[in-house]
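These are the residues of each chain, in order.
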Amino acid sequence: MTELSRQYWKARVIRYFFQSCAITSILIVVLVFLFLGRESLPFIQKFGLSELFNPVWQPVSFEDEQFGMLALISGSLLVTFLATLIAVPFGVISAIYIAEMASPVEREIWKPVIEMLAGIPSVVLGFFGLVVVAPLVKEVFHLSSGLNALTGALLLALMAIPTIITISEDAIRNVPNSYKEASYSLGASKLQTIWKVTVPAALSGIVAAVMLGIGRVVGETMAVMMVTGNAAIISFSPTESVRTMTATVAAEMGEVPFGSDHYHALFVIGIVLLLMTFALNMVAQRVLKKYRIG
Amino acid sequence: MKKLALCTLVFAAILALGCGRSETPKEKTAIDIKGSDTMVNLMSSMAENFMKGHAGKNVAVTGGGSGTGIAALLNGTTDICAASRTMLGKEYDLAKQKGLSPQEFVIGMDGLAVFVNPQNTVDSLTLDQIKQIFQGQITDWSQLGGQPGEVVVLSRESNSGTYVYFKEHVLAKGDFVNSARLMTSTAALVQEVSSNANAIGYGGEAYGHDSKVKMLNVRKTADSPAIFPTETTVREGTYPIARPLFLYTNGVPAGLIKEFIDYCNAPEGQRIVREVGYVPLKG
């Protein structure tokens, strides 16, 4: 074997190795879809898709078992919406402050603290929510119970904020200095420069940060399960209890008899959840393309 | 090609034989117990004390819920299932399909207490009132003679044996009101009751012994006496909401499994039942 052909084969082997690594992740996604599809098909065949819009989730019952998912879907949407409402302004403004206004010493303190916040396990945060946040929310809003969508959203916002801050801050800091200098030279103030030049230039990164933050919120399970009260009712009030899709799957999967209607119903919830995050990613990609500047 | 197939077959047969042999050792030295979260503390202390007297033997205890334990027993992944409810008809059917014959043992009793906040002025309720509260027909404490305030109904999640027991025996197989908040553990439920003046929940009587929550006296009917959940009233059956604590095995227990179950029913084991906060079978 000549030196040249040896090198040729070496290159090919390495190429195939890399290729197989890349293909594996695609394969896993496809397999997850197939598996969820297979396990949820019996349910859809038996009950039809109309169960998605039935409001009653009563999976363990001596009278009438019902697997309506509307309340779960609306619960997830409500908590996600509220959490986004809290986390996005808070996160983006903090990122702007840290990137543009904070002194280097301040920045050295902020960044590790925020990263620590990201590292708190969600079950610990959930416990904190149960013991501290829920009674506080009850007291402040004069409610009958602090176990509601708002408390869940507050905790979820706390989890999304570090993601949003870290990635937005990177995006803002990556805006070339020449942009800002041009703005200053035209007589713009610091605040004008930030809002009219720096933030628009970093928008694609900020949107990506927000989407990643929302992604974390939609999929989060443990903390919401501990503080939202998990009552499967449809409501658009932040002070009502909600039951999210993730909490439902997590709470009920361990108990469910293998192969029962209830078992298959949980997989249908899984598919709905997957499609939701899928749609979220698609929207994020579109937005990213539209606003890409520079 | 044929030769290859034959080789594979022979190899598989050897492998199967080998595995079969390793799965049935002469003397079992370790048993797994899985099931009820209510019983997890009880079974852990039981296992600990059992191992002290049986050097070299190992008993591992995990929770997960009665249903999880029964499923594990039927799948053969646990030796003993601890359950705070009886096996359901469909679970027996599944066992029959798999050719198993689960055996049931009672090792103690548990009174299910109804918890309210210590500030609540209501002291006793009838079973029917409790049913109406948890089904949403009574919504305000003033309807029960307490301070006005919207009743906040707390329940366990549907994976809990306590949930199924309460539904079957207190709600007469009816459903919980759908605004009932489902808590992931009895500890979380007690925590919420202790911080919420209008909350009501239920759980093992052992959780009510600290002063964070108040246990209610329960009347069977409006005319019967109000009974507080204590060891005597639970064992004698005068307290209306009490349940047995079960162990299930696959087939008649033998060897180490039998030794362990005998230990639970012996005076030593029954002493542990009382220590952990449940009610032993004899006084």
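If you're wondering where the values come from, they're calculated on a predicted model, not measured in any experiment.

1. What to know about the overall build of chain B
Part 1 of the reasoning: Secondary structure summary: chain B contains 10 helices and 11 strands in total.
Part 2 of the reasoning: Counting the 283 residues in chain B, one finds 48% classified as buried.
Part 3 of the reasoning: Of the contacts formed within chain B by residues at least 6 apart in sequence, a portion of 72% connects residues at least 24 apart.
Part 4 of the reasoning: When the accessible area of chain B is evaluated, it comes to approximately 12,900 Å², of which 55% is carbon and sulfur surface.
Part 5 of the reasoning: On chain B, the mean spot of the 27 positive side-chain charges and the mean spot of the 27 negative ones are 8 Å from each other.

2. Regarding the overall build of chain A
Part 1 of the reasoning: Secondary structure summary: chain A contains 11 helices and two strands in total.
Part 2 of the reasoning: In chain A, the succession of α and β elements from N to C terminus is α-β-β-α-α-α-α-α-α-α-α-α-α.
Part 3 of the reasoning: With respect to the three principal axes, the spread of C-alpha positions in chain A is 75 × 75 × 35 Å.
Part 4 of the reasoning: Relative to its 294 residues, chain A shows a buried fraction of 43%.
Part 5 of the reasoning: Put simply, 71% of the contacts in chain A that link residues at least 6 apart link residues at least 24 apart.
Part 6 of the reasoning: Total accessible area on chain A is roughly 15,500 Å²; 70% of this is exposed by carbon and sulfur atoms.
Part 7 of the reasoning: Here chain A contributes 19 positively and 19 negatively charged side chains, and the mean placements of these two sets differ by 16 Å.

3. Observations regarding empty space enclosed by the protein
Residues and elements named next belong to chain A.
Part 1 of the reasoning: Applying the stated criterion across every chain, the model contains four cavities of 30 Å³ or more.
Part 2 of the reasoning: Space inside the largest cavity adds up to approximately 50 Å³.
Part 3 of the reasoning: In terms of lining residues, the largest cavity is bounded by S76, V79, T80, L156, V217, V218, E220, V224, T244 and T246.
Part 4 of the reasoning: Broken down by secondary-structure element, the contributors of at least two residues to the lining of the largest cavity are α2 (70-101) and α8 (203-219).

4. A word on the environment of F246(B)
All names here are of chain B.
Part 1 of the reasoning: Assignment of secondary structure puts F246 in strand β11 (residues 242-250).
Part 2 of the reasoning: Considering only alpha carbons, one finds F246 and S66, 180 residues apart in sequence, at a separation of 9.7 Å.
Part 3 of the reasoning: Once you skip the residues sitting within four places of it in the chain, F246 turns out to touch M39, C81, A82, A83, R85, T86, E104, F105 and V106.

5. A closer look at the layout of surface pockets
Part 1 of the reasoning: One number sums up the size of the largest pocket: a volume of about 700 Å³.
Part 2 of the reasoning: At the level of elements, α11 (261-291) of chain A together with α3 (66-74) and α4 (89-97) of chain B are the ones that each hand at least two residues to the lining of the largest pocket.
Part 3 of the reasoning: By residue class, the composition of the lining of the largest pocket is 13 nonpolar, nine polar and eight charged.

6. Details of the interface of chain B and chain A
Part 1 of the reasoning: Taken together, the contact between chain B and chain A spans 30 residues of the former and 31 residues of the latter.
Part 2 of the reasoning: A buried area of about 2,500 Å², summed over both sides, lies between chain B and chain A, and 51% of it is on carbon and sulfur atoms.
Part 3 of the reasoning: In this assembly, chain B and chain A are joined by two salt bridges.
Part 4 of the reasoning: Across the pair R243(A) and E157(B) runs a salt bridge whose closest N-O atoms are separated by 2.9 Å.

7. Side note on a nonpolar patch on the surface
Part 1 of the reasoning: Taken together, the side chains of I23(A), I26(A), L27(A), V30(A), L31(A) and L34(A) define a hydrophobic patch exposed on the protein surface, amounting to about 570 Å² of accessible area.
Part 2 of the reasoning: Its location among the elements puts L27(A) in helix α1 (residues 3-47).

8. A look at the packing of aromatic side chains
Part 1 of the reasoning: On inspection of all chains with the given rule, the structure shows 19 aromatic pairs over all chains.
Part 2 of the reasoning: Seen in terms of ring centroids, F35(A) and F267(A) are 5.5 Å apart; in terms of plane orientation they differ by 85°. Their pairing is edge-to-face. Remark: F267(A) occurs in helix α11 and F35(A) occurs in helix α1; sequence separation between them is 232 residues.
Part 3 of the reasoning: Under the relative-accessibility criterion, F267(A) is labelled buried at 10%.
Part 4 of the reasoning: Taking the centre distance of 5.1 Å and the plane angle of 85° together, the rings of F50(B) and F260(B) count as edge-to-face. Placement of the pair is F50(B) in helix α2 (residues 40-53) and F260(B) in helix α9 (residues 255-265), with a sequence separation of 210 residues. F260(B) shares its class with F50(B); the two are buried.
Part 5 of the reasoning: A network of ring pairs unites the aromatic residues F134(B), Y163(B), F166(B), F176(B) and Y202(B) as a single cluster.

9. Some thoughts on the pattern of salt bridges
Any two side chains of opposite charge can pair, so long as their charged atoms come close to each other.
Part 1 of the reasoning: Applying the stated rule across the entire model yields 18 salt bridges over all chains.
Part 2 of the reasoning: A salt bridge links E231(B) to R235(B); the shortest N-O distance between them is 2.8 Å. With E231(B) and R235(B) both in helix α8 (residues 231-236) and four residues apart, the pair spans about one turn of that helix.
Part 3 of the reasoning: The structure contains a network of salt bridges with shared partners spanning K111(A), E169(A) and R173(A).

10. Things to note about the domain arrangement of chain B
All names here are of chain B.
Part 1 of the reasoning: Partitioning chain B into domains gives domain 1 (29-108 + 244-276) and domain 2 (110-242).
Part 2 of the reasoning: Summarising the inter-unit geometry, the C-alpha centres of domain 1 and domain 2 are found 28 Å apart.
Part 3 of the reasoning: Listed per partner, the contact involves 10 residues of domain 1 and eight residues of domain 2.
Part 4 of the reasoning: Both faces considered, domain 1 and domain 2 share a buried interface measuring about 790 Å² in area, 45% of it formed by carbon and sulfur atoms.
Part 5 of the reasoning: The three residues of domain 1 that bury the most area against domain 2 are T38, R85 and R274, which together make up 40% of that side's buried surface.
Part 6 of the reasoning: In this assembly, domain 1 and domain 2 are joined by one residue pair in polar contact (both at pLDDT 80 or more).

Reading guide: rules and limits
- Residues numbered from 1 in each chain as written.
- Chains lettered and ligands numbered in written order.
- Predicted model: local features only at pLDDT ≥ 70, side-chain atom pairs only at ≥ 80, totals over all residues.
- Heavy atoms only, no water.
- Helix = DSSP H or I, 4+ residues; strand = E, 2+ residues; numbered from the N terminus.
- Buried < 20%, exposed > 50% of the residue type's maximum accessible area, 1.4 Å probe, protein only.
- Contact = heavy atoms within 4.5 Å.
- Areas by Shrake-Rupley, 256 points an atom, 1.4 Å probe, with all protein chains shown as cover.
- Lys, Arg positive; Asp, Glu negative; His and termini not counted.
- Charge placed at Lys NZ, Arg CZ, Asp CG, Glu CD.
- 1 Å grid on protein atoms, 1.4 Å probe; cavity = no way out; pocket = protein on both sides within 12 Å on 5 of 7 lines; lining within 4 Å.
- Points joined across faces, edges and corners; volume = space filled by probe spheres on them.
- Nonpolar A, V, L, I, M, F, W, Y, C, P; charged D, E, K, R; others polar.
- Buried area = accessible area lost by both parts, 1.4 Å probe.
- Salt bridge = Lys/Arg side-chain N within 4 Å of Asp/Glu carboxyl O.
- Patch = residues over 30% accessible without salt bridge, like charges linked within 9 Å, V, L, I, M, F, W, Y side chains within 5 Å.
- Phe/Tyr/Trp six-rings, centres within 6.5 Å; stacked < 30°, edge-to-face > 60°.
- Domains from an automatic or database assignment.
- Polar contact = N/O pair within 3.5 Å; in protein donor to acceptor, adjacent residues only side chain to side chain.

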